[in-house]
Every structure is written in structure tokens, then in C-alpha cells.
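Notes for the structure review
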Amino acid sequence: VRFPEDLKDDNTTFNPEYSHQVFGDDEVAFGYKGLKILLYYIAGNLTFLLTVSVFDTNGKATLLFWWYKQDDVESKIREIIPPGFCTNTDDFVSLLEKEVNFKPFGMLLHTYSVHNEEGGEDITYQIYKADMTCPGFREYHERLQTFLMWFIETASFIDVDDERWNYFLVFEKYNKDGATLFATVGYMTVYNYYVYPDKTRPRVSQMLILPAFQGEGHGAQLLETVHRYYMSSPTVLDITAEDPSENYVKLRDFVLVKLCQDLLCFSPGKLMQGFSQEMVMEAQQKLKINKQHTRRVYEILRLRATDMGDAEQSRSYRLDVKRRLIGPYKKKQRELAKMRRCLRPEELTNQLNQIDLNMQHEQLEESFQQLVSDYRRVLERLAQA
């Protein structure tokens, strides 16, 4: 919510992707008919307005099962949102008028713009790095992290008293009555793990771009900014991610390829010679990218350098990628060899039924084709960047 009229504008409203952490695995609030839960956030400082209403088709309050105890919906939501929220629209609107005093927390790292087709103008965005020493940030973060429960399936709140957390925030700059205000766009949390003897390994823990801003490139801007921030530190070994989602992996592929494509070791001539230790060393030393991620970057850039219409080049690329993909299958074969020595015949038969070589070859080819499809999308996006 930026303006009072946003409270009645469905275009500013979005639904949660998940609610099981509040309402259980079935995502059901029991005992109501026509239940409507609205949780409003002021765009900048994210102060809440919570309203819960139950109406039938005639606009009258109703309960579906009056003889049975209904779920206490408001209490369930109170468990994940911090105290101090509004339950009255007038109070919320009065706080909205003070939004002009809200300013982003921490240190400005990056400013960029995105062209808005609908408005025909460039909108400015900024990325900041903050920590719990910033006045007011702890309370702001308590409100910000509530979005995780609605949009990340396995989300949990972090221990903000641990000083090894870093917070990276994206804000949109907008005008209201001649003043410049800021709206929250998204954020990322990064935990700095210790690596013996004198290094750290930053690990991305949570990343979220709010639904209203998705598909505009903010995730790529945020991840690249975070990489560039850590690249300048001699104590950082490499940057990883905790249990990354499929969408995050695709985003990371794009960002890392964008960063690596101008390195000398990824020139077309060297790409065609195969994956090398030189690539691993340069990517880690200059860009803080680990070996596993460097390998994916190599495969994507080699695909770009390969004429897949040329039978020999295509075959060489396919075999190169499949040699990496076949690793898990070779492990199964080693396990099978051990089984032959250790298991009784009937036990071995059961295990052999689970290891069908023809199926493995089919799965390998399917994995390769899916990978190439994903890589092509990265290259298409790179060409448009």
C-alpha cells in the first residue's frame, strides 16, 4: 500500500503461494463460510493492517459449523507477525501519511533502472546492505521476514542475534506529492561460514522478490550485486546457496555466466579444448565461484561456442556433458559390484531389478536434453541483457 486508495484496488493485491505453516498441511481454516483474510503492508516500512471477516452471500456474518469450535484464524496469523499491527483502517492510513520519513537501511551498493512499459518511464531501484546495528532495522526485518511464510515452502525465521548474517535489500524509488519515497521490492539473507584457517564462505539462505515485482530482472540484479560485494573481499573463498530451488539455480546460471563470459579462460578457443583447472582457478580467485558452478558456466558457454548443426562438434559437446552426468550412474555400478560379492542370490536379484541399464541410458539422455534446454534459455536471456 502506497496510497489510501490502494486499500480498495485489487490490482495491488496478491495471494500467498503457501499457507501450510499457518493453517496446516491441508491449508484449511476450519469452521467458516465466506472467510476473507486481508493482510496489508505499507510499501516501505511494512507496517501491517490485519482484517478478518466472514460473510455469506447476503453479506451477513455467518459461521459454517456453529455447533463446533472454529479455528482461531487471527491467533494463527498472530503467531507469525510481530505485535503492534493495526486492526483499524483509519489508524493504518494515518501511519501511511508518515511513510515519507521512511528511508532504506544500511549502505547503498547499487542503483539501476527498469523501463516501465505501462507508464512509459524508467523506474529507479536501489540495493542496500544492512545489519542489525542499523537503527530500526531489527523491527523492520521482523515484518519483512513474514513474507517468507507465504512464498517459500520450507521457510523458517533466522537467528538475528547471530552477527554472521548479512542482509541485502532492494527498494523502488517513487514520488508522492513531490516527495521521494521507497517501496520494498525484495531481499536476500547470506550467512558467512568460517573456512579454516582464515576464510569465509558466504551462503545464500533466503531470497525473495515480492510478486508485484517478479519478472522484471530484480533477482538477477540482487544476486549479481551480492556477488560483486563479496568479490572484493580477500577473505572470501567462494559463494554458495543453501538448498537452492530450481528457479534459483536458473537465476544463478544466468548471473554467473554473465560475470564469467569475459574472462580470458572462457574464450571460444579455450572452451572447445574442454573444462580446465585454469577456469576453476580464475573463476574462484576473481569471482568467488566454486568448481561445481564453474563447470555449469563452462557447459553453457561451450554450448554457445558450439555449432550444434555440425555432427562432430555436437557429438563432442554431448559426450563432454554426459561424462559429468554419468557420475551417479557409475557410482551405482560400483555399488552393484560390491553387492555381487556380499549379497545372497535372491537379495542380488532384488537390487538388480532396481538398476536397469537401459533405463539409466534413457534417464541420462533425458537429463542431457533437459540441461541443454535450460542452458539455451540462459543464453537467450544473456543475448537480451
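What counts and how
Residues numbered from 1 in each chain as written. Predicted model: local features only at pLDDT ≥ 70, side-chain atom pairs only at ≥ 80, totals over all residues. Heavy atoms only, no water. Helix = DSSP H or I, 4+ residues; strand = E, 2+ residues; numbered from the N terminus. Buried < 20%, exposed > 50% of the residue type's maximum accessible area, 1.4 Å probe, protein only. Polar contact = N/O pair within 3.5 Å; in protein donor to acceptor, adjacent residues only side chain to side chain. Core = buried A, V, L, I, M, F, W, Y, C linked by side-chain atoms within 4.5 Å. Contact = heavy atoms within 4.5 Å. Salt bridge = Lys/Arg side-chain N within 4 Å of Asp/Glu carboxyl O. Pairing = 2+ DSSP bridges.

On the secondary structure map, glutamate 299 appears in helix 10 (residues 291-305). Relative accessible area serves as the criterion here: at 0%, glutamate 299 is assigned to the buried category. Of the polar contacts made by the side chain of glutamate 299, one reaches the side chain of arginine 295; its length is 2.8 Å.

On to the nonpolar core. Residues Phe137, Tyr140, Leu169, Met188, Leu222 and Phe266 are the most contacted members of the largest nonpolar core, which totals 94 residues. Ignoring any residue separated from it by four or fewer positions in sequence, one finds methionine 188 in contact with Asn166, Tyr167, Phe168, Val204, Gln206, Met207, Leu222, Leu223 and Val226. Within the second largest apolar cluster, nine residues are counted, among which are Val1, Ile42, Cys86 and Leu96.

What the rule picks out here adds up to 18 salt bridges. A salt bridge links arginine 2 to glutamate 172; the nearest nitrogen and oxygen atoms lie 2.7 Å apart. Within this pair, whereas arginine 2 is found in the segment before helix 1 (20-23), its partner glutamate 172 is found in strand 5 (residues 165-176), the two being separated by 170 residues in sequence. Between arginine 377 and aspartate 374 there is a salt bridge, with the nearest N and O atoms lying 2.5 Å from each other. One end of the pair is arginine 377 and the other is aspartate 374, both in helix 14 (residues 357-384) and three residues apart, which spans about a single turn.

Before going further, it helps to spend a moment on the pairing of strand 6 (residues 179-195). Side chains on a regular strand alternate between the two faces of the sheet. With 13 of its 17 residues buried, strand 6 lies for the most part within the structure. The sheet contact formed by strand 5 and strand 6 spans twelve bridges and is antiparallel. Its bridge partner lying in strand 6, valine 170 is registered against glycine 186. Here strand 5 folds back onto strand 6 in antiparallel fashion, the turn holding two residues, of which aspartate 177 has a positive phi close to 55°. Inspection of the sheet shows strand 6 paired to strand 7 (residues 199-209) by ten bridges, in the antiparallel sense. Bridge pairing in strand 7 links glycine 186 to isoleucine 209. Hairpin connection from strand 6 to strand 7: three residues lie between these consecutive antiparallel strands.

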